[in-house]
Amino acid sequence: MPNFQGIGAKVRRKEDLRFLSGKGRYTDDLNRPGQLYVHFLRSPHPHARLGAVDTAAARAMPGVRAVYTGADIAAAGIGGLPCGWGIKNKDGSPMAEPAHPVLATGKVRHVGDPVAAVIADTRTQARDAAEAITVEYEPLPAAATPDAAVAPGAPLVHDEVPGNICYDWHIGEKADADAAFMKAAKVVTFETTNNRLIPNAMEPRVAIGDYDASTDEHTLFTTSQNPHVIRLLMGAFVLKIPESRLRVVAPDVGGGFGSKIFHYAEEALVTWAAAQLKRPVKWTSDRTEAFMSDAHGRDHVTRAELALDENGIFLGLRVSTKAAMGAYLSTFAPAVPTYLYATLLAGCYRTPVIYAEVKAVFTHTVPVDAYRGAGRPEATYLLERLVDVAAAETGLDRVEIRRRNFIPADGFPYQTPVALEYDSGNYQATLDAALVGADWAGFEARRAAAKARGRLRGIGLSTYIEACGIAPSAVAGALGARAGLFEVANIRVHPTGSVTVFTGTHSHGQGHETTFAQVVADKLGIGVDQVEVVHGDTDRIPFGMGTYGSRSLAVGGSAMIKALDKIIAKGKRIAAHLMEASAEDVVFEDGQFRVAGTDKSKGLTEISLAAYVPHNFPHDELEPGLEETAFYDPKNFTFPAGCHVCEVEIEPETGRVHVVGFTAVDDVGRVINPMIVEGQVQGGVAQGIGQALMERAAYDAQGQLLSASFMDYSMPRAEDLPGVAVATHVTLCTHNPLGVKGCGEVGAIGSPPAVINAVVDALRDHGVRHVEMPATPPKVWGIINANRASTASAQRAAAPAE
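Conventions adopted
Residues numbered from 1 in each chain as written. Predicted model: local features only at pLDDT ≥ 70, side-chain atom pairs only at ≥ 80, totals over all residues. Heavy atoms only, no water. Helix = DSSP H or I, 4+ residues; strand = E, 2+ residues; numbered from the N terminus. Rg over C-alpha atoms; globule rule 2.2 N^0.38 Å. Buried < 20%, exposed > 50% of the residue type's maximum accessible area, 1.4 Å probe, protein only. Contact = heavy atoms within 4.5 Å. Lys, Arg positive; Asp, Glu negative; His and termini not counted. Charge placed at Lys NZ, Arg CZ, Asp CG, Glu CD. Pairing = 2+ DSSP bridges. Axes fitted to C-alpha atoms, helices over the stretch in contact; angles between N-to-C directions. Phe/Tyr/Trp six-rings, centres within 6.5 Å; stacked < 30°, edge-to-face > 60°.

A.B. asks: Help me understand the overall build of the protein chain in this model?
C.D. replies: From N to C terminus, the protein chain includes 20 helices and 28 strands. Computed over its C-alpha atoms, the radius of gyration of the protein chain comes to 28 Å, within 12% of the 28 Å expected for a compact globule of 802 residues. Counting only C-alpha atoms, the protein chain reaches 110 × 75 × 55 Å along its principal axes. Among the 802 residues that make up the protein chain, the fraction classed as buried is 61%. Sequence separation of 24 or more characterises 80% of the internal contacts of the protein chain that already satisfy a separation of 6 or more. A distance of 2 Å separates the average location of the 75 positive side-chain charges in the protein chain from that of its 91 negative side-chain charges.

This is the structure we're talking about:
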């Protein structure tokens, strides 16, 4: 096909024209006739008993239409926000699952916990009225970290949850792991904290509730990654609205990174209030509000032990993690430190025995849930730092210890000791390519040159594996998922041959309108401009599960292929009738239905027109039209993998770390659009560098959020990022029809340990074994100067007395 635009082509993103020209339609761009505005009064205390909430003055202020408190919500019979995943304790008992009210009742449990909602004619009037509300707070002690929350006598986040333990879970056989450690020639121990992050998508969250009294229909416009899941959770569990009368629309969404997966209190409040007031109600988060209301990510405290034999071969791994849940359970929070973290602790290695235990801990902080990578970055960071420490303590080369322990390329399928079975991969190939691309062999010359300039230079690598497309539904259900993990596609071929794809996935920056069009173009032999992709509106698309966990192509794309196969099969039967041939003799390629061994053919447009203008049509065999729907429930996770190499320079005078080179070689399966893969990897690497060097959600010991603005929470800027060299090495996924694995999260998974490994390497002459993330300038400067002071003291002590 001339001007090929199918799978593998570098097609420019179709959606970028409207985005770059300011013609995108985001939720805040929408304004409903007669809409009102809501402002949430939020708790300034991390933990307090909630007394009287006096709203009389606020209700009397100009423009105020309503003020709601937790008591009003409870009286209306509104349910709490549901959790979508249940975890069982080691003894098989269910996890603790305390109520999560839409507006606080009884207690507030974190700074930002919503206490009241004021609805007024303007945003300013609502904000001013909220300041007039008087709330009686009785401040209580708080526990802001997992360690503080499990300490003896720690204040309870929920009185009914002893010790603040949501669940105490494990995977693997402890006895087998202990036996492996008894045989070890060397045991390496490592402790680390995976720093809490705040997602900070470009577009803050927005929600608009609308209500049509004539039909009793509710509509929610929201910044969501999965509108059908929001409709299900909010309709069935919170507001008790039949799905037939609840529409959820997620238009253009400016980034999600996981934080827009979940059902939030603000969505429920505006939907309910719109019906109460018979007026649309709009809420737009400001940035500081986002810092204390969007779900945070990470926040693990972990101790790990690695057992090795005398040749550096891994014998066993033991891991103990305390994972913060925050004050309440967010939608998918319980799954992140269990089935999305501990099951990845095998990494790329043939560790024969692994035992991991995870305690999920309630803290007086913003709830924690999935953030780009969701458990997989935490597992990779722990493992790749541990392997580097093991290399240092055994005297083995960092590359060599990995090579010795890799799963070999001919070792697939590979059953790990932590539940997952990898279907394909070649970890040696991605490692080799990354080392060449980063000029690993030439590094020492660059280190020497940097030293001559007064700089400390280091190089680090990480190898990783990810699990994408949580699957299958039966297995996920057995592990605690309270929803299916399938995806759906409806393909409509119009009479003139153009195509509309209705997909249950959602795009919030990934380029689905282009990549999905390429899949259809490749399959049907048409141009991408003939393909329209529709998503984000529960009234227009079949029930789908949205986008997260790099599932869109692996699961959603596979559903598209199944639907396209049905289209082509029906087209062959129509073509066979028109050409007076047997359907078994008709082949389809390059947009043409041909009778094998003859010159007879019909184009796709001829067939689609015949389907809708059925003057000559096999009515006794087929119904008119050319439209098919398919659901795809994956057989397994997909397993992207790769190697990232980072090179840094450090200014000893300031402690500032400069990332001067970054090479990423990833196996994401079949590549649909190389440019989009490159962009996704580069974006993920930027987020990983941010976590490694500058980002941390900081709470003080009393639970006050110290990093509630960009003045206090540092984000990577262009000047902080190097040119990221991206390459791919393909091994196909063996169990989905596209052979794809996923690329949306790999950059954020492989980069943090590569960066910190490089920082530690740069500081090797200062006796540094580990640097906790983020490696900020004050932290690094302190390490350098503490070493200088220690060295000077030792020299003075060793000097002969005068």
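A.B. asks: For this particular structure, what's the right way to read the sheet that holds strand E24 (residues 601-603)?
C.D. replies: Two orientations exist for strands paired in a sheet by backbone hydrogen bonds: parallel and antiparallel. Sheet architecture is open: 3 strands sit in the order E22-E23-E24, paired in antiparallel fashion. A strand with exactly one partner marks an edge of an open sheet, and here the two such strands are strand E22 (586-589) and E24. Neighbour to neighbour, the strand axes of the sheet diverge by 20 degrees on average, direction disregarded. Each of E22, strand E23 (592-595) and E24 is contacted by helix H16 (residues 552-578), which is oriented at about 125 degrees to E22, the strand it contacts most.

A.B. asks: I keep staring at the pairing of strand E2 (residues 48-54) and nothing clicks. Help me out?
C.D. replies: In the case of a regular strand, side chains alternate between the two sheet surfaces. Bridging between E2 and strand E4 (residues 107-108) involves 2 bridges; their strand directions are antiparallel. Paired with Arg49 across the strands is Lys107, a residue of E4. Here E2 pairs with strand E6 (residues 134-139) via 5 bridges, running antiparallel. Each bridged residue has a counterpart across the sheet, and for Leu50 the counterpart in E6 is Tyr137.

A.B. asks: Explanation requested: the packing of aromatic side chains in the structure shown.
C.D. replies: For any two aromatic rings, the description comes down to two numbers: the centre-to-centre distance and the angle of the planes. In this structure the tally under the stated criterion is 19 aromatic pairs. With a centroid separation of 6.0 Å and an interplanar angle of 85 degrees, the aromatic rings of Phe40 and Trp283 are classed as edge-to-face. Here Phe40, found in strand E1 (residues 36-42), pairs with Trp283, found in strand E12 (residues 281-284); they are 243 residues apart in sequence, far enough to count as distant. For Trp283, a relative accessible area of 2% puts it in the buried group. Between Trp85 and Tyr339 the ring centres are 6.4 Å apart and the planes differ by 35 degrees, which places this aromatic pair in the tilted class. Within this pair, whereas Trp85 is found in the loop between helix H3 (70-75) and E4, its partner Tyr339 is found in the loop between strand E14 (314-326) and strand E15 (354-362), the two being separated by 254 residues in sequence. Classification of Trp85 by relative accessible area gives buried; the value is 5%. Residue classification places Tyr339 among the buried residues on the basis of a relative accessible area of 16%. Grouping aromatic residues by their ring pairs yields a cluster made of Phe314, Tyr349, Phe406, Phe412 and Tyr427.

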